[in-house]
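The lines below spell out each chain.
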Amino acid sequence: MPRTIRLTAALCATLALVACAPPKPPEEERRPAPQSQSDAGSASPSAIVEHATAYKDRAREAVQQAGEAADRERAAADAAAR
């Protein structure tokens, strides 16, 4: 029985030492290289605003056309119901 106790104690001590080992240092982070202004794109801020405004105008036109198409469809359905 004393031999079992000694083996158990040795095992516990070994596990405690392994658990207390210092952690491995994390791998070095690789951050992306900063981009210069010329790499960021050739569009100036005013050109970006113009593109956004044009996109919004096209979206408004599409919504208006969809509304007009729905009105025509309702009118056709009302005419067919009479």
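Read on for a plain summary of the structure. Only a predicted model underlies this, so the values are computations on that prediction, with no experimental measurement involved.

**Let's talk about the overall build of the protein chain**
In step 1: Helices and strands together make up the secondary structure of the protein chain, namely two helices and zero strands.
In step 2: Relative to its full complement of 82 residues, the protein chain shows a buried share of 0%.
In step 3: For the protein chain, the exposed surface amounts to about 8,200 Å²; the carbon and sulfur share of it is 60%.

**Focus: helix α1 (residues 2-19)**
In step 1: Taking 1.5 Å per residue as the helical rise, α1 with its 18 residues ought to reach 26 Å, and the 25 Å between its terminal C-alpha atoms agrees with that figure.
In step 2: Counting buried residues along α1, only zero of its 18 residues qualify, which leaves the element largely exposed.

Each value, and the rule that gives it
Residues numbered from 1 in each chain as written. Predicted model: local features only at pLDDT ≥ 70, side-chain atom pairs only at ≥ 80, totals over all residues. Heavy atoms only, no water. Helix = DSSP H or I, 4+ residues; strand = E, 2+ residues; numbered from the N terminus. Buried < 20%, exposed > 50% of the residue type's maximum accessible area, 1.4 Å probe, protein only. Areas by Shrake-Rupley, 256 points an atom, 1.4 Å probe, with all protein chains shown as cover. Expected span 1.5 Å × (residues − 1).

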